[in-house]
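# Summary of the model geometry
The lines below spell out each chain.
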Amino acid sequence: MKKQPVSAVILCGGLSRRMQGADKGLQLFRRQPLFMHAKVRLQPQVEQLLINANRHQQHYAKCGLPVFIDELDGFLGPLSGMLSGLKHSAHDWVLFVPCDSPFLPLDLAERLLSAVSAQDLTLAYASDGEREHPTFALLHKSLAADLRAYLQQGGRKVRDFMRRQRYAVVDFSDQPQAFANVNYVAQLDELNREQPNSGIPMLGISGYSGSGKTTLLEKLLPHLQQKGLRVAVIKHTHHDLTTDKPGKDSWRMTQAGASQVAVACDQRWAIMTETPQRENRSAENQSAVSLDYLARQLDPALSDLILVEGFKQEPLPKILLHRQAMTKPLPQADEWVLALATDYPLPAAQTVSRLDLNAVEQIAEFIHQWWRQQRGQDQNGEAVGNG
């Protein structure tokens, strides 16, 4: 995923009246504050990321991002946060998203920027094909004066302001679920219940082609099983995936137009799902289905841990593999890399933990201890309290 030359602002500045005044961005989903999910999905997309918050700034600042308040007093709504965001951002183009949408598109910045670049526009916002979402918007800094005047004249409606500009509405109907948001406490509770995998930690195994990711996974699974972990695997491949034999009944149903076909026998069952191809999907974002969606298909009653091979651009904790014999240099470890697994010593200046790529038990123990931390357990398996 290539970072776009834009700034992004997570809007956390509202009064959350529909949540009885609770600070919405700090409410927990999958054991993380809601705004952190937006941070995780935005950070790989943009060159600068900031937070607009009018309350509890110290809590938001703990994530390491700059935090700023509305320039205008009185909690004037999302447009007020956007005005301040235009002032504080380093880039001419500024992407805004609400704090209550934990599944926002991983190509949001790319597609909105493409829309304004293709025409002489100053603004673009998203639509899921049925509803418009003007708080998912990319604005040019030149709009600041108009926006300030609109607010000072009493204007508050986001869509009304945007439709006064040279704007585009960008179609995201290929991923409408990305705009699911949370307005009520009961809605958040329901969303947590609807995410059956929310309690299953996910860990990526990443590296260049030829670094031995599949081989390591194959060796790790028995070791992790011996430690009592039931491990599920999600793997992305760049090759066509055929799980059904031509001529079989289920294959015939797919060829006839079925979007999904389920087959079962006494030993196992499977569902084959056809994924639509989007013509404008970039070469760096070829996955037709999100990792989140795939993870939600897994049964949490059968798995304690999900290991992910591929999906290297996804913002999730990962172990990065590299071999000395490879012609490509060691990739730079970003904030998601927990450890580097190599078959050679690392320089003393390297701050990330180093694992021996040939010591499978060592890597398995590292994963096991990380899993315990995610589950809130200490090394003796006892639950760790919150203090």
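Residues numbered from 1 in each chain as written. Predicted model: local features only at pLDDT ≥ 70, side-chain atom pairs only at ≥ 80, totals over all residues. Heavy atoms only, no water.

### Let's talk about the packing of aromatic side chains
In total, this model carries 6 aromatic pairs according to the counting rule given. Residues Tyr125 and Tyr167 carry aromatic rings whose centres are separated by 6.0 Å and whose planes lie at 5° to one another, so their mutual orientation is stacked. With a gap of 42 residues between them, Tyr125 in strand β7 (residues 123-127) and Tyr167 in strand β9 (residues 167-171) connect regions that are remote in the sequence. Relative accessible area serves as the criterion here: at 0%, Tyr125 is assigned to the buried category. (Phe/Tyr/Trp six-rings, centres within 6.5 Å; stacked < 30°, edge-to-face > 60°. Helix = DSSP H or I, 4+ residues; strand = E, 2+ residues; numbered from the N terminus. Buried < 20%, exposed > 50% of the residue type's maximum accessible area, 1.4 Å probe, protein only.)

### Some points on the nonpolar core
Residues Ile10 and Leu95 are the most contacted members of the largest nonpolar core, which totals 35 residues. Elements supplying a minimum of two residues to this core: β1 (4-11), α1 (34-42), β4 (46-52), β6 (93-98), α4 (108-118), β7, β8 (132-140) and β9. The element best represented in this core is α4, accounting for 6 residues. Setting aside its immediate chain neighbours within four residues, Ile10 contacts Phe35, Ala38, Lys39, Leu42, Leu49, Leu50, Ile51, Asn52, Val97 and Cys99. Core analysis: the next-biggest nonpolar cluster, separate from the first, contains 23 residues, Val94, Ala137, Leu139 and Leu143 among them. (Core = buried A, V, L, I, M, F, W, Y, C linked by side-chain atoms within 4.5 Å. Contact = heavy atoms within 4.5 Å.)

### Remarks on the sheet that holds strand β16 (residues 337-342)
Spatial strand order, β11-β14-β10-β15-β16-β17: 6 strands in an open sheet with parallel pairing. The open sheet has two edge strands, β11 (231-235) and β17 (353-356), and neither has a second partner. Neighbouring strand axes in the sheet, compared pairwise and without regard to direction, differ in orientation by 25° on average. Relative to β16, strand β15 (residues 318-322) runs parallel, the two sharing 5 bridges. Bridge assignment links Ile319 to a residue of β16, and that residue is Ala339. (Pairing = 2+ DSSP bridges. Axes fitted to C-alpha atoms, helices over the stretch in contact; angles between N-to-C directions.)

### Looking at the UniProt feature "binding site: Mg(2+)" (unreviewed entry) in the chain
Within this structure's numbering, the places UniProt gives as "binding site: Mg(2+)" (unreviewed entry) are Asp100. Relative to the assigned elements, Asp100 resides in the loop between β6 and α4. Looking at Asp100, the relative accessible area reads 7%, which means it is buried. Excluding residues within four positions of it along the chain, Asp100 makes contact with Lys24, Leu34, Ala180, Asn181, Val182 and Asn183. A distance of 3.0 Å separates polar atoms of two side chains, one belonging to Asp100 and the other to Lys24. (UniProt positions renumbered as here; feature names shortened; annotations may be inferred. Polar contact = N/O pair within 3.5 Å; in protein donor to acceptor, adjacent residues only side chain to side chain.)

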